[in-house]
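# Chain and residue survey
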Amino acid sequence: MGDQDVIYKVDALVAQDIDAYLDQHQHKTMLRFITCGSVDDGKSTLIGRLLYDSKMIFEDQLAALESDSKKSGTQGQEIDFALLVDGLAAEREQGITIDVAYRFFATEKRKFIVADTPGHEQYTRNMVTGASTADLAVILIDARKGVLTQTRRHSYLAHLIGIRHMVLAVNKMDLVGYDQSVYDAIVADYAAFARSIGIESFVPMPISGFKGDNITGPSANTPWYTGPSLIQHLETVEVDAVADQTKPFRLPIQWVNRPNLDFRGFSGLIASGTVRPGDAVRVLPSGKTSTVSRIVTMDGDLDLAVAGQSITLCLTDEVDCSRGDVLAPADAPPQVADQFETTIVWMADEALTPGRAYWLKLGTQMVSATVQAPKYAVNVNTMEHLACKTLELNAIGVAEVITDRPVVFEPYTANHTLGGFILIDKITNATVAAGMLHFSLRRAQNVHWQALDISREAHAALKNQRPAVLWFTGLSGSGKSTIANLVEKKLHALGRHTFLLDGDNIRHGLNKDLGFTEADRIENIRRVGEVAKLMADAGLIVLSAFISPFRAEREMVRALLSEGEFLEVFIDTPLEVAESRDVKGLYKKARSGELKNFTGIDSPYEAPENPEIHVSTVKETPEDAAERIVDYVLSRAK
């Protein structure tokens, strides 16, 4: 083993005294960084070299690495450091990085978590995921190839995500004979590009991840380079957690800590700033104020807490504060709004559907939100703004986002926690996008709710009935309108106050500007849902007969109404039965290609999974179904 005994002897402390080893590392600062660049620029090799040189490889791992290098390596009989990071079989077979690989290592001065991000364009979402928590980005460039399209793409993404520290690592200098002129030309080329996208500064350095030049110390092969080695720079650069301490105090509440009747505290991770007992704070979005009485932690009370610490704050007053609220200085609160301009990175295989409701998670806040049609998409290879109607997988665009209630936020450039969000599909619970808030829209600040003296309860009491929205959904020709009309006639005869919203009738007026694309169908249901809500507020029993093919939009309408007011009525008719009726001749036109985006033919229908009322029209007559629905509605009033 020889030299390797010397290299790895220090880490024997891990096996000898784990407590001493952990204590040694406990008070070191942590730097998170990513490596990115084009395919085969040497990202995985560089990380493998960092792990090797920082003595983070054990003897059994080293033996396995030597064996794997001979079988799967790309460096002949020498150690292939990339195999330490490229763990997926597909990565080793192709010699590329696919998923984000996280690795921990440490030096005497600092701890590190490095993310090896993929270089291929189709894995942009993976790269964004890795960059989202990084303090620094190492942009690798192959000295033989210079600045490539992927170099520009990843630099733009790193800058977009808000990474403040950039290192330009011109790698594989050994393959160009450590030629300074090659290095200088690449740095000048990159500097011009960096200025064009707003990168104000970066630290260039010539390296060889394979040979180890300028990784842990100065290299004799580059006497013309007088800057720091990569490890020296990583050990001394300022981490974001330290910079966040100088910003105003922000504490997103994760949990109300109430272990007994005598204690009530508000727990969370401090996103920025500092806090002390006696500080005046404001609860947002409510605006209530109080004073910090204690800062409680598992290890006892603190006199000072800073960004990055998890704490529980006790206040002097019994204020209403719960998960999703934000505590901030009383005299320097963040903004509250419900309409924003944002940049969105789309991460789902299914394209963005403008107008569809998604869950938006911002810090500890979770709200329903809709994304408007994008203003433009960004071609990250050329920085060109492109007109678009949606965002596909890995696309980046600027769009307005509207939430169903005000959220506490700050621009992403000022605060990543209160400015960065994800979008979650309401049906699958899959994360479909990541985004950055830029600013609230002026109309969100100028439009306010007007307080009204006559409440929705008063309207309902005057009519002596419980409001409801009966949402009839089913295929075209299923009998929705027929059954809804019968139900309204029966309710009207019983003295109930009703109104029937029919799909065809609405498209003659309110929605005459909408077509039948997926986006237009969603907007059609959104408008009808808002109208139905207003009518329910007026105390009416509303009957809505719409195909409404998508579950997400039906759930969006349900969310608009009070608990128990939305009654989904699934008019279940097999496609062949509905098509055989074809009263309007629409199925015939759809089959011939004259009518596009027709539900059941070339556009999907998502049947309700748990409707309040299920009507099978092949087993039940419209009259019987109407009678059963009326009985259900009247039973709610008891």
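Bear in mind the structure is a predicted one, so any value in this text is a computation, not a measurement. (Residues numbered from 1 in each chain as written. Predicted model: local features only at pLDDT ≥ 70, side-chain atom pairs only at ≥ 80, totals over all residues. Heavy atoms only, no water.)

### What to know about the overall build of the protein chain
A tally of helices and strands in the protein chain yields 21 helices and 29 strands. Looking at the protein chain residue by residue over its 638 residues, the buried ones come to 51%. Considering only residue pairs separated by 6 or more positions, the protein chain has 72% of its internal contacts joining residues 24 or more positions apart. Surface exposure of the protein chain reaches about 29800 Å², of which carbon and sulfur atoms provide 51%. (Helix = DSSP H or I, 4+ residues; strand = E, 2+ residues; numbered from the N terminus. Buried < 20%, exposed > 50% of the residue type's maximum accessible area, 1.4 Å probe, protein only. Contact = heavy atoms within 4.5 Å. Areas by Shrake-Rupley, 256 points an atom, 1.4 Å probe, with all protein chains shown as cover.)

### Focus: the packing of aromatic side chains
A full pass over the atoms with the stated rule returns 10 aromatic pairs. Plain terms: the ring middles of Y587 and F598 are 4.9 Å apart, the flat faces sit at 80 degrees to each other, and that makes the pair edge-to-face. Of the two residues, Y587 is situated in helix α20 (residues 586-592) and F598 in the loop between α20 and β29 (613-616); the sequence distance between them amounts to 11 residues. By relative accessible area, Y587 is classed as buried at 1%. Taken together through their ring pairs, the aromatic side chains of Y190, F193 and F202 make up a single cluster. Between R152 and the ring centre of F193, over which it is positioned, the NZ or CZ distance is 5.8 Å. (Phe/Tyr/Trp six-rings, centres within 6.5 Å; stacked < 30°, edge-to-face > 60°. Lys NZ or Arg CZ within 6 Å of the ring centre and 35° of its normal.)

### Let's talk about the nonpolar core
Membership of the largest hydrophobic core comes to 65 residues, with the highest contact counts inside it found for F33, I34, V138 and Y190. Top contributing element to this core by residue count: helix α9 (residues 180-197), with 8 residues. The contacts of V138, once residues within four sequence positions are left out, are F33, I34, T35, C36, L46, V167, A169 and L230. Core analysis: the second largest hydrophobic core is formed by 24 residues, A337, A369, V401 and F409 among them. (Core = buried A, V, L, I, M, F, W, Y, C linked by side-chain atoms within 4.5 Å.)

### A short note on unusual backbone geometry
Trans peptide bonds make up the majority, and among non-glycine residues the majority have a negative phi. In this model, L284 is joined to P285 through a cis peptide bond whose omega is 15 degrees. Assignment of secondary structure puts P285 in the loop between β11 (280-284) and β12 (289-297). Although it is not a glycine, N429 adopts a positive phi angle of roughly 65 degrees. On the basis of relative accessible area, N429 is assigned to the exposed category, the value being 57%. The phi torsion at N464 lies on the positive side, around 55 degrees, for a residue other than glycine. Inspection of the secondary structure assignment puts N464 in the loop between α14 (456-463) and β25 (468-473). On the accessibility criterion, N464 (64% relative accessible area) is exposed.

### Some details on the packing of helix α7 (residues 124-131) against helix α8 (residues 149-161)
At their nearest, the axes of α7 and α8 sit 10 Å apart, and the two run at 40 degrees to each other. Here α8 runs oblique to α7, going by the angle between their axes. At the point where α7 passes α8, the crossing takes the right-handed sense. Where α7 abuts α8, its residues T124, M127, V128 and A131 lie against R153, H154, L157, A158 and I161. For the contact of α7 with α8, the per-class residue count stands at 6 nonpolar, 2 polar and 1 charged. (Axes fitted to C-alpha atoms, helices over the stretch in contact; angles between N-to-C directions. Parallel < 35°, antiparallel > 145°, perpendicular 65-115°, else oblique. Left-handed = near helix turned anticlockwise from the far one by under 90°. Nonpolar A, V, L, I, M, F, W, Y, C, P; charged D, E, K, R; others polar.)

### Re α9
For α9, built from 18 residues, the straight-helix expectation of 26 Å at 1.5 Å per residue is met to within 8% by its first-to-last C-alpha distance of 26 Å. Along α9, the positions that sit buried rather than exposed are Y183, I186, V187, Y190, A191, F193, A194 and I197. Each element contacted by the buried residues of α9 is listed here: β4 (136-142), α8, β5 (165-171) and β6 (203-206). Looking one or two residues beyond α9, the residue adopting positive phi is G198, at roughly 95 degrees. (Expected span 1.5 Å × (residues − 1).)

### What to know about the packing of α8 against α9
For any two helices packed against each other, the geometry is given by the interaxial angle and the distance between the axes. Here α8 crosses α9 at 40 degrees, and the two axes come no closer than 11 Å. The orientation of α8 relative to α9 falls into the category oblique. At the point where α8 passes α9, the crossing takes the right-handed sense. Together, T151, R152, S155, Y156 and H159 of α8 and Y190, F193 and I197 of α9 make up the contact between the two elements. When its residues are assigned to classes, the contact of α8 with α9 shows 4 nonpolar, 3 polar and 1 charged.

### What about the side chain of R636?
With respect to the helices and strands, R636 occurs in helix α21 (residues 622-636). Here the side chain of R636 touches P467 through a polar contact of 3.5 Å, landing on its backbone oxygen. Excluding residues within four positions of it along the chain, R636 makes contact with R466, P467, A468, G564, E565 and L567. (Polar contact = N/O pair within 3.5 Å; in protein donor to acceptor, adjacent residues only side chain to side chain.)

### Let's talk about the pattern of salt bridges
As a working rule, side chains carrying opposite charge can pair if their charged atoms are close by. Evaluated as defined, the whole model comprises 27 salt bridges. Put simply, K172 and D142 hold a salt bridge, and the shortest N to O gap is 3.6 Å. On the criterion of sequence distance, the pair formed by K172 in the loop between β5 and α9 and D142 in strand β4 is long-range, its members being 30 residues apart. What makes K172 buried here is its relative accessible area of 19%. Linking D404 and R405 is a salt bridge whose minimum nitrogen-to-oxygen distance equals 3.9 Å. Shared partners join several salt bridges into a network, and the residues in it are R554, E555, R558, E568 and E612. (Salt bridge = Lys/Arg side-chain N within 4 Å of Asp/Glu carboxyl O.)

### A short note on the confidence of the model for the protein chain
Overall, the prediction assigns the protein chain a mean pLDDT of 84, with 85% of residues at 70 or greater. Long-range and interchain partners of residues 1-10, a stretch whose pLDDT sits below 50, account for 14 contacts in this model, where long-range means more than four residues apart. (pLDDT = per-residue confidence, 0-100.)

### Side note on the pairing of strand β22 (residues 396-409)
Here is the key point about a regular strand: its side chains alternate between the two faces of the sheet. Most of β22 is tucked away: 10 of the 14 residues are buried. Pairing between strand β17 (residues 335-346) and β22: 10 bridges, direction antiparallel. Across the sheet, V336 pairs through a bridge with V408, a residue of β22. Across 3 bridges, the pairing between strand β19 (residues 365-371) and β22 is antiparallel. Looking across to β22, one finds that A369 is bridged to T403. (Pairing = 2+ DSSP bridges.)

### Quick notes on the sheet that holds strand β27 (residues 541-545)
Strand order in the open sheet made by the 5 strands is β26-β27-β25-β28-β29, with parallel pairing throughout. The two strands at the open ends of the sheet, each matched to only one other strand, are β26 (498-502) and β29. Between one strand and the next, the sheet's axes are offset by a mean angle of 15 degrees, whatever the strand orientation. The sheet contact formed by β25 and strand β28 (residues 566-572) spans 5 bridges and is parallel. Residue pairing for β28: V469 is matched across the bridge by F566. Sheet strands touched by α21: β25, β27, β28 and β29. Its angle to β29, the strand with the most contacts, is close to 170 degrees.

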